[in-house]
Amino acid sequence: MKYHVVVEELCECAKRKNMPQIKSFDDKDSAHRIARAWANELNETFCGEHEFAVTEVDDNYVISVG
């Protein structure tokens, strides 16, 4: 089974950095760890106009852009 980290909506900053919208992992713990780390990095390095948060949906993790 694959577990996915999905960016709900790519903002302009994400598009400029060619950020992928979906990343897949073989285990759920890795997907969760990467989703949290990715959201934290996005919050710290992007323009600051958006806030990124992680939500678990079924066995996947969605990074929402607020």
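This text follows the structure it describes.
Residues numbered from 1 in each chain as written. Predicted model: local features only at pLDDT ≥ 70, side-chain atom pairs only at ≥ 80, totals over all residues. Heavy atoms only, no water.

Moving on: the overall build of the chain. Counting its secondary structure elements, the chain contains two helices and four strands. In sequence order, the chain lays out its α and β elements as β-α-β-α-β-β. Against the globule reference of 11 Å for 66 residues, the chain gives a C-alpha radius of gyration of 11 Å, in line with a compact fold. Taken along the three principal axes of its C-alpha coordinates, the chain extends 35 × 20 × 15 Å. Buried residues in the chain amount to 32% of all 66 residues. Sequence-distant contacts, at least 24 apart, represent 47% of the contacts inside the chain between residues at least 6 apart. By element, 44% of the accessible surface of the chain is carried by carbon and sulfur atoms, the whole surface being about 4,400 Å². For the chain, the distance from the average site of its 8 positive side-chain charges to the average site of its 13 negative ones is 5 Å. (Helix = DSSP H or I, 4+ residues; strand = E, 2+ residues; numbered from the N terminus. Rg over C-alpha atoms; globule rule 2.2 N^0.38 Å. Buried < 20%, exposed > 50% of the residue type's maximum accessible area, 1.4 Å probe, protein only. Contact = heavy atoms within 4.5 Å. Areas by Shrake-Rupley, 256 points an atom, 1.4 Å probe, with all protein chains shown as cover. Lys, Arg positive; Asp, Glu negative; His and termini not counted. Charge placed at Lys NZ, Arg CZ, Asp CG, Glu CD.)

It is worth spelling out the pairing of strand β4 (residues 60–65) at this point. Sheet analysis places strand β1 (residues 3–7) next to β4, joined by three bridges and oriented parallel. Across the sheet, the residue bridging to valine 6 is valine 62, located in β4. Bridge analysis of strand β3 (residues 52–57) against β4 gives six bridges, and the strand direction is antiparallel. Bridge pairing in β4 links glutamate 56 to tyrosine 61. Between β3 and the antiparallel strand that follows it, β4, lie two residues; aspartate 58 among them carries a positive phi value of about 55°. (Pairing = 2+ DSSP bridges.)

Overall, the coordinates contain three salt bridges when judged by the stated rule. Residue glutamate 56 pairs with lysine 28 through a salt bridge whose shortest N-O separation is 2.7 Å. Residue glutamate 56 is found in strand β3, and its partner lysine 28 is found in helix α2 (residues 28–45); the two are separated by 28 residues along the sequence. Connected through salt bridges with shared partners, the residues Lys28, Glu56 and Asp59 form a single ionic network. (Salt bridge = Lys/Arg side-chain N within 4 Å of Asp/Glu carboxyl O.)

By themselves, these are just geometric observations and shouldn't be taken as functional.
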